[in-house]
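Now for the letters of each chain:
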Amino acid sequence: MDDAERILGRAAALGFQHLGVARVQIPSPRAAEFQAWLDARHHGPMTYMEAGAAERINPQARMPTARSALVLAMEHNHRRPPDPGGLTGKVARYAWGRDYHNLAGKRLKKLMRQLRAEGVACWGGIDTAPILERAWAEAAGVGFSGKNCVQILPAHGSWMFLGVLFLELELPATQPITRDHCGRCTRCLDACPTGAFLGPHVLDARRCISTWTIESRGPIPEHLRPGIGRWVFGCDVCQEVCPHNVSAPDSPEDDFAPVNAWLDLPWLLGASEEEILARFTGTPLRRPGARGLKRNACVVLGNLGNNEAIPALERVASGQDPLLAEHARWAIARIGM
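Everything in this summary refers to the structure shown in the same document.

Calculation rules
- Residues numbered from 1 in each chain as written.
- Predicted model: local features only at pLDDT ≥ 70, side-chain atom pairs only at ≥ 80, totals over all residues.
- Heavy atoms only, no water.
- Buried < 20%, exposed > 50% of the residue type's maximum accessible area, 1.4 Å probe, protein only.
- Helix = DSSP H or I, 4+ residues; strand = E, 2+ residues; numbered from the N terminus.
- Pairing = 2+ DSSP bridges.
- Core = buried A, V, L, I, M, F, W, Y, C linked by side-chain atoms within 4.5 Å.
- Contact = heavy atoms within 4.5 Å.
- Axes fitted to C-alpha atoms, helices over the stretch in contact; angles between N-to-C directions.
- Left-handed = near helix turned anticlockwise from the far one by under 90°.
- Nonpolar A, V, L, I, M, F, W, Y, C, P; charged D, E, K, R; others polar.
- Polar contact = N/O pair within 3.5 Å; in protein donor to acceptor, adjacent residues only side chain to side chain.
- Patch = residues over 30% accessible without salt bridge, like charges linked within 9 Å, V, L, I, M, F, W, Y side chains within 5 Å.
- Areas by Shrake-Rupley, 256 points an atom, 1.4 Å probe, with all protein chains shown as cover.
- Salt bridge = Lys/Arg side-chain N within 4 Å of Asp/Glu carboxyl O.
- Lys, Arg positive; Asp, Glu negative; His and termini not counted.
- Charge placed at Lys NZ, Arg CZ, Asp CG, Glu CD.

**Let's talk about the pairing of strand 3 (residues 88-91)**
By the alternation rule, side chains of strand 3 split into Thr88 and Lys90 and Gly89 and Val91, which are all buried. The sheet contact formed by strand 3 and strand 11 (residues 262-264) spans three bridges and is antiparallel. Bridge assignment links Lys90 to a residue of strand 11, and that residue is Trp262. Note that strand 3 and strand 10 (residues 231-233) share two bridges and pair parallel. Each residue of the ladder has a partner; that of Val91, found in strand 10, is Phe233.

**Some remarks on the nonpolar core**
Ranked by internal contacts, the top residues of the largest apolar core, which has 42 residues, are Val91, Val232, Phe233, Leu268, Leu269 and Leu313. Elements with a minimum of two residues in this core: helix 8 (209-215), strand 10, strand 11, helix 11 (265-270), helix 13 (289-304), helix 14 (310-317) and helix 15 (322-335). Among the elements that line this core, the one with the most residues is helix 13, at seven residues. Apart from residues lying up to four places away in sequence, Leu269 is in contact with Lys294, Ala297, Cys298, Leu301, Ala312, Leu313 and Val316.

**Things to note about the packing of helix 14 against helix 15**
At a minimum axis separation of 8 Å, helix 14 and helix 15 run at an interaxial angle of 145°. For the element pair helix 14 and helix 15, the recorded crossing hand is left-handed. Where helix 14 approaches helix 15, its residues Ile310, Leu313, Glu314, Val316 and Ala317 are matched on the opposing element by Leu324, Ala325, Ala328, Arg329, Ala331, Ile332 and Ile335. When the residues that make up the contact of helix 14 with helix 15 are grouped by side-chain class, the tally is ten nonpolar, no polar and two charged.

**Concerning the environment of Val150**
When you line up the elements, Val150 lands in the loop between strand 5 (144-145) and strand 6 (151-152). Val150 gets classed as buried once you look at its relative accessible area, which sits at 16%. Sequence-distant contacts of Val150, that is, excluding residues within four places in its chain, are made with Arg134, Phe144, Ser145, Ser158 and Gln239.

**Details of the side chain of Ser158**
Among the secondary structure elements, Ser158 is positioned in the loop between strand 6 and strand 7 (160-167). Taking the relative accessible area as the measure of exposure, Ser158 reaches 6% and is therefore buried. Within polar-contact distance, the side chain of Ser158 engages the side chain of Gln239 at 2.7 Å. Residue contacts for Ser158: discarding those within four places in its chain leaves Val150, Gln151, Ile152, Gln239 and Asn245.

**Digging into a positive patch on the surface**
A surface patch of like charges, here positive, comprises Lys106, Lys109, Lys110 and Arg113. Relative to the helices and strands, Lys110 is located in helix 5 (residues 104-117). Residue classification places Lys110 among the partly exposed positions, given a relative accessible area of 39%.

Take a look at the structure:
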């Protein structure tokens, strides 16, 4: 068994359904587009994108002996449960179940430990490492880059987590997908509630719902709040309208099942920080913190326009947290419009 067959076999046994290999090139694929995106400040409050730019553009700055990029993808799709109605908010699909860092990330680390034990130098990660994952996936033939800036696998869709493992071994490269499977379709660009797409393949994160409901710790710009709709954590609109996701298969991983597809917003506003963090232990929903989730809940309740939300909002509006109080007052005013 050669190196490629052995390594790919181990990755598949760990639950990564789609694999590809690209030869390491410097700069990284799509490096020029990434730098232009940073220069335009389109990354918004995600300062870590800029802080790790040098390594994203040149992985050999982190691992000088890197020769191959092994790309690994794990599907996470499950069907969204029926709308419960009432004062509930929607959660982006990737965050419905267990935190992918605790599942896909740990499996990637296990593969790294196995290889290092055999004397094979490697380095990589899933989402948290300074790597241009989608660019390497495109180069390795693991899907193609959609106009909505997500990686799409024909017949499988875009509901997947990507990881990249740089190896000192020179593995045979797999063929990239050269056909443009988006064609003339612009459904994702047209459907964005906040107009975050400046054009195909160009996302301004400063207008993205996911940026403000997950990454930001401050106030959500008022002009964007109505577009947030019912999204209390993240946003899936550009993927939900994509034709490639119409028949996306369900993930075999039960840990990604839709446990938290919908959240009770009055409960969020009334619960303590300890209660919220305890409930969402081991899930991505802890990322914005209890305060961020409460802020988001205020915005969604304002968008729902239901008078039944006013008592819960009034309690927050009269509270000691100025950030939450301002968002609650905005929501109350919006309900009364």
